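Structural characterization, general
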Amino acid sequence: QVQVVESGGGLVQAGGSLRLSCAASGSIFSINAMEWYRQAPGKQRELVAGITSGGSTNYAESVKGRFTISSDNAKKMVYLQMNSLKPEDTAVYYCNFRLGYEIRRDYWGQGTQVTVSS
């Protein structure tokens, strides 16, 4: 069993910052990648940022230059530093741990709410 738990969400004014954290625990055999997604009301879940076990990162165009993903593989943690937040960043943010390479499995957290007021 693998458990994934996000933390760090909250209410912030536009222009402010938040740091999300995500911890995985349990039978973690091989971390392939870690990702942050978000889902706003009435919209599909979208990829915000991802980082591979080797440290390669990718970002959605809408957050480039404002958000930074980082990880501590030994601690099985992934972080999302969010700066210059905008009201359109308001969403539930989900963390995903992708384990394995030949056979991959995704493990999701329950989500953490981020609300940016104008």
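Throughout what follows, the structure given in this document is the object of discussion.

**With respect to the environment of Gly26**
Mapped onto the elements of the fold, Gly26 is located in strand S3 (residues 18-26). For the pair Gly26 and Val4, spaced 22 residues apart in sequence, the C-alpha to C-alpha distance is 9.0 Å.

**Some points on the packing of aromatic side chains**
A complete count under the given rule lists one aromatic pair for this structure. Taking NZ or CZ as reference, Arg19 lies 4.1 Å from the ring centre of Tyr79, over its face. Above the plane of the ring of Trp108 lies Arg45, whose end atom (NZ or CZ) is 4.8 Å from the centre.

**Quick word on the state of the cysteines**
Counted by the stated rule, this structure contains one disulfide. Through a disulfide, Cys22 is tied to Cys95; the S-S separation comes to 2.1 Å. With the S-S bond torsion at -85 degrees, the cross-link from Cys22 to Cys95 turns out left-handed. Of this pair, Cys22 sits in strand S3 while Cys95 sits in strand S9 (residues 91-99), and the two are 73 residues apart along the sequence. Using a relative accessible area of 0% as the deciding quantity, one classes Cys22 as buried. Overall, Cys95 belongs to the buried group, its relative accessible area being 0%.

**Things to note about the nonpolar core**
Counting residues in hydrophobic clusters, the biggest one holds 31 residues, and the most contacted among them are Trp36, Val78, Leu80, Met82, Tyr93 and Phe97. Where this core is concerned, the elements lending two or more residues are strand S1 (2-7), S3, strand S4 (31-39), strand S5 (46-52), strand S7 (67-72), strand S8 (77-82), S9 and strand S11 (112-117). Residue contributions to this core peak at five residues, all from S9.

Each value, and the rule that gives it
Residues numbered from 1 in each chain as written. Predicted model: local features only at pLDDT ≥ 70, side-chain atom pairs only at ≥ 80, totals over all residues. Heavy atoms only, no water. Helix = DSSP H or I, 4+ residues; strand = E, 2+ residues; numbered from the N terminus. Phe/Tyr/Trp six-rings, centres within 6.5 Å; stacked < 30°, edge-to-face > 60°. Lys NZ or Arg CZ within 6 Å of the ring centre and 35° of its normal. Disulfide = S-S within 2.5 Å. Buried < 20%, exposed > 50% of the residue type's maximum accessible area, 1.4 Å probe, protein only. Core = buried A, V, L, I, M, F, W, Y, C linked by side-chain atoms within 4.5 Å.

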